[in-house]
Amino acid sequence: MVFGIDFSEVNWSEVSQASADTLNMLGFSVLFTFIIGLPLGVLLFLSGKSSHWFVKVMYSLLSLMVNVLRSVPFVILMIAILPFTKVLIGTTIGVKGAIPALVIAAAPFFARLVETSLREVDRGVIEAAQAMGASTWQIVRKVLLPEAMPGLIAGTTITAVTLISYTAMSGLVGGGGLGDLAIRYGYQRYETSVMIIAIAVMIIMVQILQWIGDRFVRHYTRK
């Protein structure tokens, strides 16, 4: 017993399984968020700088979609897309059932971070590439993304940390992981020890992710 809390009856196998489930949700959701959010962020950046009316309309629609998805609280979003999740995955519970909502919530958020990072690239570097006859794709691949790499890594880290809190909230609707464990035992059964352990594990995950992200940012900043 520590500070009046008994940890002796904690089922550590369930804690381990819940931690593994959270890592699975985090890993897959970060991967798909990156795959969707990076091109979307690049598209927002490129279309936002165009003077063509059609591209301006496309930017306005994309920006509106991103802002709407970012405005909806995650728990409400997860419940709202349950029919879509059922069709796409075949289930609305567990690790698999939580991933679509995690990606839909995080991809617009990450896309905005990507757009912001690209806007911070020195305009002179882009103009130099244009003067040498580089195509838009070459500028994106060889100039924009390398120059914005520290910001992109920092944005990925922020998104991953945010997704940890989202995975916890997914436990409210049977999403599995540490959030589900904390709700079932800590809230419904009043087992404070389990809730404290779940929170501690999530804090450790956040600290590790932030440390890794900071290391990569420093590495690319020194180049």
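Here the structure is shown first, and the text comes after it.
In this numbering scheme, every chain counts its residues from 1 along its sequence in written order. Reporting of local features is limited, given that this is a predicted model, to residues whose pLDDT is at least 70; pairs of side-chain atoms are given and counted only at 80 or more, and all residues count toward the totals for whole chains, interfaces and linings. Values reported for side chains reflect all heavy atoms of the structure, with hydrogen atoms and water molecules removed beforehand.

Trainee: So what exactly am I meant to see when it comes to the nonpolar core here?
Mentor: One recurring pattern in soluble globular proteins is that nonpolar side chains are buried together. We call a set of buried residues a nonpolar core when its members are Ala, Val, Leu, Ile, Met, Phe, Trp, Tyr or Cys and they connect through side-chain atoms within 4.5 Å of each other. Throughout this description, buried means an accessible area under 20% of the type-specific maximum (1.4 Å probe, protein chains only), exposed means over 50%, and partly exposed covers the range between. By size, the foremost hydrophobic cluster in this structure holds 31 residues, and its most contacted members are Phe74, Leu102, Leu163, Tyr166, Leu178 and Leu181. Under the DSSP-based scheme used, a helix requires at least four consecutive residues in state H or I and a strand at least two consecutive residues in state E, with every element numbered from the N terminus. It is helix 5 (residues 94-119) that provides the largest number of residues to this core, a total of eight residues. The residues touching phenylalanine 74, leaving out its near neighbours within four places in the chain, are Ala101, Leu102, Ala105, Tyr166, Met169 and Ser170. The contact criterion used throughout is that any non-hydrogen atoms of two residues lie within 4.5 Å.

Trainee: Teacher, can you tell me more about the pattern of salt bridges here?
Mentor: Note on pairing: side chains with opposite charge can pair once their charged atoms come close. For this analysis, a salt bridge means a side-chain nitrogen from Lys or Arg found within 4 Å of a carboxyl oxygen belonging to Asp or Glu. The tally for this structure, following the rule as stated, stands at four salt bridges. A salt bridge links glutamate 115 to arginine 112; the nearest nitrogen and oxygen atoms lie 2.7 Å apart. Linking glutamate 115 with arginine 112, this pair stays in helix 5, spanning three residues, or about one helical turn. By the burial criterion, glutamate 115 is buried, and arginine 112 matches it. A salt bridge links arginine 123 to glutamate 127, with the shortest nitrogen-to-oxygen separation between them at 3.5 Å. Highlighted residues: arginine 123 and glutamate 127, both in helix 6 (residues 123-131), separated by four residues, approximately one helical turn. The exposure class of arginine 123 is partly exposed, given its relative accessible area of 39%. The structure contains a network of salt bridges with shared partners spanning Arg112, Glu115 and Arg119.

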